[in-house]
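# Coordinates in review
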Amino acid sequence: MLTRRSISAGLTAAVLSGAPLAAARVRAPFPIWPNGARAAVSLTYDDGLDSQLDNATGALDAAGLKATFFITRDNAEARAEDWANLAKTSGHEFGNHTVTHPCDLRPYTAASFARRELLPMEAWLDDHVGRNPKRLFAYPCSVTDLGPGDANRQLARYEALLKTTGFRGARTCDEDDPNSPRYARADPYRLRASATTSDKDDPALPIAYVQDAMKRGDWAILVFHDILERRTGLGETSIATHDAVLRWLASQPVWCAPMGQVLDHIAGQPV
Ligand SMILES: [Zn+2]
């Protein structure tokens, strides 16, 4: 079996012996991401919050970064025109985060969840930010216990519903490790993400998460909620912290792209 050490030794031996460069290139440590990037990073913004329009989009523009916004209709409705304008002018991606953001799924069957939460939200997105046949979904509150049965059956039911209603993938927010390309390809309905600044307003936390992804050539997905002048509680990130994270990302050998672009890229790779 090839270990990382033996791959490295083999690469050195190939170079010293003058073996064809193509053979050496196959064994390069991070072959998958564009332009030799050491990790992919997706910035995601949940819940369709006013502060994202007011404080996140300008910072993204300044850093030259494109993001994925997971919208809920109940929050976004009041500024529907602003979201529509953002979609027209920005190049950001817009995903589905349900109509009302339910954190308790017990009142729903799969059918009623689709009828009340998924499909009306999709219609709103179609109308305001444009149709997307490869729409992504983010699980509100990361809960997946939809319908009867044990946790595995509930999750399988939820994933099957997302597939049949046309979603091409879904993001959790469980503070789990970054996604390997192989994992993301095998299970695009359980994409893992980190919302560390929601718990503590410190740019070092998301930076450490991305650095961890860079060690293995993985895909780090960061989650933000409110971006405010001053943090007052859980779920909020200060403008200063948000800016610091974006500035750091722009200076690193990472590929920052909306989630859909990263999934497209992985789909085209021999992983
Ligand atoms: Zn949410």
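Here goes a summary of the coordinates provided. (Residues numbered from 1 in each chain as written. Predicted model: local features only at pLDDT ≥ 70, side-chain atom pairs only at ≥ 80, totals over all residues.)

## Section: the overall build of the chain
Rules: In this text, helices come from DSSP runs of H or I with a minimum length of four residues, and strands from runs of E with a minimum of two, each type numbered from the N-terminal end. Counting other C-beta atoms within 10 Å of its own, a residue is labelled buried from 20 upward, exposed at 12 or fewer, and partly exposed in the gap between, with every C-beta atom placed from the backbone. Each residue gets a C-beta atom placed from its backbone, and two residues are in contact if those atoms lie within 7 Å.
Across its full length, the chain holds 12 helices and nine strands. Within the chain, the fraction of its 271 residues that count as buried is 37%. Contacts in the chain between residues at least 24 apart in sequence constitute 72% of all its contacts with a sequence separation of at least 6.

## Quick look at the environment of T144
Within the secondary structure, T144 is located in the loop between β4 (136-138) and α7 (151-164). In this structure the C-alpha to C-alpha distance between T144 and T172, which are 28 residues apart in sequence, comes to 9.2 Å. If sequence neighbours within four positions are ignored, T144 has contacts with Y139, Q154, L155 and Y158.

## Here we look at the pairing of strand β3 (residues 93-96)
Rules: Note: two strands are recorded as paired if DSSP finds a minimum of 2 bridges between them.
Side-chain alternation along β3 places E93 and G95 on one buried face and F94 and N96 on a second face that is also buried. Pairing between strand β2 (residues 68-71) and β3: four bridges, direction parallel. What sits directly across from F69, in β3, is F94.

## Focus: helix α12 (residues 259-267)
Put simply, the test is: What the arc measures is the spread of directions leading from the helix axis to the C-beta atoms.
Burial in α12 covers these residues: M259, V262, L263 and I266. Down the axis of α12, the smallest arc covering the buried residues is 100°, so these residues share one side.

## Looking at the environment of P178
In this fold, P178 is placed in the loop between β5 (169-171) and α8 (181-186). Overall, P178 belongs to the buried group, with 26 C-beta atoms counted inside 10 Å. Here the alpha-carbon distance between P178 and V210, two residues 32 residues apart in the chain, equals 8.0 Å.

## Examining the nonpolar core
Note the threshold: By convention in this section, buried Ala, Val, Leu, Ile, Met, Phe, Trp, Tyr and Cys residues joined through C-beta atoms within 7 Å make up a nonpolar core.
With 59 residues, the main nonpolar core has A39, A40, V41, A170, A220 and L222 as its most contacted residues. Sort the elements by how many residues they give to this core and strand β6 (residues 219-224) lands first, with six residues. In contact with L222, other than residues within four places in its own chain, are V41, L43, T44, A193, S194, P206 and Y209.

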